[in-house]
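Take a look at the letters that make up each chain.
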Amino acid sequence: MTIEFHTPYGKVDEKLINSIRSDVLEFSHINKKISRAEIMLKEDLGIIHGENKVCEIRLSVYNDDLFVRRSTENFEKSSREVIKELKRLVRQQVKNKNEPPDYLLSTVKI
């Protein structure tokens, strides 16, 4: 899995980046088909004070993209919320792929 970090508006603590990286790597243990993760840590310049620290993560699965965005007062809290939601979505996606389809089609040749 390829993991890309984007931090356009300043430096982010290396400890936080390593923590996010290890959490994202856990997703590949849940779903082996995840090929890419893009993590964006930025400040929302439209909001001066308060919840302006944004974390966005996009996971690329072979035929799907999972995207979650959260904005809180610091990057650590934003990333925890995003990872929690993505973990739920990845597990749900794996569960749905393992279930039989809602309906079956069959054709009979006469």
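Residues numbered from 1 in each chain as written. Predicted model: local features only at pLDDT ≥ 70, side-chain atom pairs only at ≥ 80, totals over all residues. Heavy atoms only, no water.

### Structural notes on the packing of helix α1 (residues 14-30) against helix α2 (residues 75-98)
What counts is decided by this rule: Angles shown run from 0 to 180 degrees and are taken between the N-to-C directions of axes, each axis being a line fitted to C-alpha atoms and, for helices, limited to the stretch in contact. Under the DSSP-based scheme used, a helix requires at least four consecutive residues in state H or I and a strand at least two consecutive residues in state E, with every element numbered from the N terminus. Small angles under 35 degrees read as roughly parallel and large ones over 145 as roughly antiparallel, with 65 to 115 read as roughly perpendicular and the rest as oblique. Should any heavy atoms of two residues lie within 4.5 Å, those residues are counted as being in contact. Note that Gly is not counted as nonpolar here; it falls among the polar residues with everything else outside the nonpolar set of Ala, Val, Leu, Ile, Met, Phe, Trp, Tyr, Cys and Pro and the charged set of Asp, Glu, Lys and Arg.
Two elements in contact, α1 and α2, have axes separated by 10 Å at closest approach and are oriented at 5 degrees. Overall, the two elements α1 and α2 adopt an arrangement that is roughly parallel. On the side of α1, the interface is formed by Leu16, Ile20, Asp23, Glu26, Phe27 and Ile30, while α2 contributes Phe75, Glu76, Ser79, Ile83, Leu86, Lys87, Val90, Arg91 and Val94. Here the residues of the contact of α1 with α2 are counted per class, giving 9 nonpolar, 1 polar and 5 charged.

### Section: the nonpolar core
To keep it simple, the criterion reads: We call a set of buried residues a nonpolar core when its members are Ala, Val, Leu, Ile, Met, Phe, Trp, Tyr or Cys and they connect through side-chain atoms within 4.5 Å of each other. For the exposure calls, accessible area comes from a 1.4 Å probe over protein chains only, and a residue counts as buried if that area is under 20% of its type's maximum, exposed if over 50%, partly exposed in between.
Among the nonpolar cores identified, the biggest contains 21 residues, and Val24, Phe27, Ile57, Leu59 and Leu86 are the most heavily contacted of them. Elements that contribute at least two residues to this core include exactly α1, β2 (34-43), β3 (53-61), β4 (64-72) and α2. In this view, isoleucine 57 contacts Val24, Glu38, Ile39, Leu66, Phe67, Val68, Val82, Ile83 and Leu86; residues no more than four positions away in its chain are not counted.

### Description of α2
Rule in force here: Helices are assigned an expected span. That span is 1.5 Å times one less than the residue count.
Look at α2: 34 Å from first C-alpha to last across 24 residues, which is about the 34 Å you get at 1.5 Å a residue. Three or more residues of α2 are buried, namely Phe75, Ser78, Ser79, Val82, Ile83, Leu86, Val90 and Gln93. Against the buried residues of α2 lie α1, β2, β3 and β4.

### A look at α1
To be explicit about the condition: The directions considered for the arc are those from the helix axis to the C-beta atoms.
The terminal C-alpha atoms of α1 lie 25 Å apart, and with 17 residues this matches the ideal 24 Å at 1.5 Å per residue to within 8%. All of the buried residues in α1 are Leu16, Ile17, Ile20, Val24, Phe27 and Ser28. With its buried residues spanning 130 degrees around the axis, α1 presents them on a single face. Among the exposed residues of α1, those pointing more than 90 degrees away from its buried face are Lys15 and His29. Structurally, α1 contributes buried residues whose contacts are with β1 (2-6), β2, β3 and α2.

### Let's talk about the pairing of β2
So the rule is basically this: Two strands pair under a simple rule: DSSP has to find at least two bridges between them. Handedness of a crossover is defined as follows: with both strands directed away from the viewer, a clockwise route from the first strand across the helix to the second makes it right-handed.
Relative to β2, β1 runs parallel, the two sharing 5 bridges. Following the sheet pairing, glutamate 4 is matched in β2 by glutamate 38. As a crossover connection, the stretch from β1 through α1 into β2 is left-handed. Relative to β3, β2 is paired through 9 bridges, and the arrangement is antiparallel. What sits directly across from methionine 40, in β3, is glutamate 56.

### A look at the sheet that holds β1
Judged by pairing direction, the sheet is mixed, and its 4 strands sit side by side in the order β1-β2-β3-β4 without closing on themselves. Of all the strands in the sheet, just β1 and β4 have a single pairing partner and so form its edges. Ignoring strand direction, the axes of neighbouring strands in this sheet form an average angle of 10 degrees. Relative to β4, β3 runs antiparallel, the two sharing 9 bridges. From the neighbouring strand, isoleucine 57 faces β4, where its bridge partner is valine 68. Across the sheet, α2 touches β2, β3 and β4, and the angle it forms with β4 is around 150 degrees.

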